[in-house]
Amino acid sequence: GSRELDEMEIVVVGDVTGDGVLNNRDVSMVSRALIDKEVPTDCQILAADVNGDGYVNNRDVAMISRCIVGKETI
């Protein structure tokens with residue numbers, strides 16, 4: 001049989017906080033997660049992997065930062 005979804009969560013790449021805006025809060029959350037000060041959800045991890053390499057690391061933080069200042073497009 002077929003199953004219907006009751007809910008769906010949309011993940012916007014780079015928007016780790018889920019507030020609809022790429023800003024320093026996203027950079028801060030990913031940075032804190034990298035040093036185990038923050039425990040991200042699965043959706044936040046998907047949003048944080050902005051370069052799509054399967055890992056969340058300082059390269060993703062750099063890309064989000066560059067995007068915020070207009071030097072990168074995600």
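Reading guide: rules and limits
Residues numbered from 1 in each chain as written. Predicted model: local features only at pLDDT ≥ 70, side-chain atom pairs only at ≥ 80, totals over all residues. Heavy atoms only, no water. Helix = DSSP H or I, 4+ residues; strand = E, 2+ residues; numbered from the N terminus. Buried < 20%, exposed > 50% of the residue type's maximum accessible area, 1.4 Å probe, protein only. Contact = heavy atoms within 4.5 Å. Areas by Shrake-Rupley, 256 points an atom, 1.4 Å probe, with all protein chains shown as cover. Lys, Arg positive; Asp, Glu negative; His and termini not counted. Charge placed at Lys NZ, Arg CZ, Asp CG, Glu CD. Salt bridge = Lys/Arg side-chain N within 4 Å of Asp/Glu carboxyl O. Polar contact = N/O pair within 3.5 Å; in protein donor to acceptor, adjacent residues only side chain to side chain. Axes fitted to C-alpha atoms, helices over the stretch in contact; angles between N-to-C directions. Parallel < 35°, antiparallel > 145°, perpendicular 65-115°, else oblique. Nonpolar A, V, L, I, M, F, W, Y, C, P; charged D, E, K, R; others polar.

### With respect to the overall build of the protein chain
Then comes step 1: In terms of regular secondary structure, the protein chain is built from 3 helices and 0 strands.
Then comes step 2: Listed N to C, the secondary structure of the protein chain is α-α-α in terms of helices and strands.
Then comes step 3: Considering only C-alpha atoms, the protein chain reaches an extent of 45 × 25 × 25 Å along its principal axes.
Then comes step 4: Out of the 74 residues belonging to the protein chain, those deemed buried represent 23%.
Then comes step 5: Within the protein chain, contacts between residues at least 6 apart in sequence are counted, and of these 46% link residues at least 24 apart.
Then comes step 6: Element-wise, carbon and sulfur atoms account for 49% of the exposed surface of the protein chain, whose accessible area totals about 5,500 Å².
Then comes step 7: Between the centroid of the 7 positive side chains of the protein chain and the centroid of its 14 negative side chains there is a distance of 10 Å.

### Re the side chain of D15
Then comes step 1: By the secondary structure assignment, D15 is in the segment before α1 (24–34).
Then comes step 2: Put simply, D15 is tucked away with no salt bridge, and the nearest opposite charge, on R25, sits 7.2 Å away.
Then comes step 3: For D15, the side chain forms a polar contact with the main-chain nitrogen of G18, separated by 3.1 Å.
Then comes step 4: Within the structure, D15 has its side chain in polar contact with the backbone nitrogen of G20 (distance 2.7 Å).
Then comes step 5: Apart from the residues lying within four places of it in its own chain, the contact partners of D15 are G20, V21, L22, D26 and A47.

### Some thoughts on the environment of V12
Then comes step 1: Structurally, the position occupied by V12 is in the segment before α1.
Then comes step 2: The exposure class assigned to V12 is partly exposed, which follows from its relative accessible area of 46%.
Then comes step 3: With 36 residues separating them in the primary sequence, V12 and A48 have C-alpha atoms 9.2 Å apart.

### Thoughts on the pattern of salt bridges
Then comes step 1: Tallied over the full model, the rule gives 3 salt bridges.
Then comes step 2: As a salt-bridge pair, R32 and E38 come within 3.2 Å of each other at their nearest N and O atoms.
Then comes step 3: Taking the relative accessible area as the measure of exposure, E38 reaches 27% and is therefore partly exposed.
Then comes step 4: Between E72 and R66 there is a salt bridge, and its shortest N-O distance comes to 3.2 Å.
Then comes step 5: On the basis of relative accessible area, R66 is assigned to the partly exposed category, the value being 40%.

### What to know about the packing of α1 against helix α3 (residues 58–68)
Describing two packed helices takes the angle between their axes plus the distance from one axis to the other.
Then comes step 1: Packing of α1 against α3 brings their axes to within 9 Å, and their N-to-C directions diverge by 170°. By the angle class used here, α1 and α3 are roughly antiparallel. Two secondary-structure elements touch here, α1 through N24, D26, V27, V30, S31 and L34 and α3 through N58, V61, I64, S65 and I68.
Then comes step 2: Looking at the contact of α1 with α3 residue by residue, the class counts come to 6 nonpolar, 4 polar and 1 charged.

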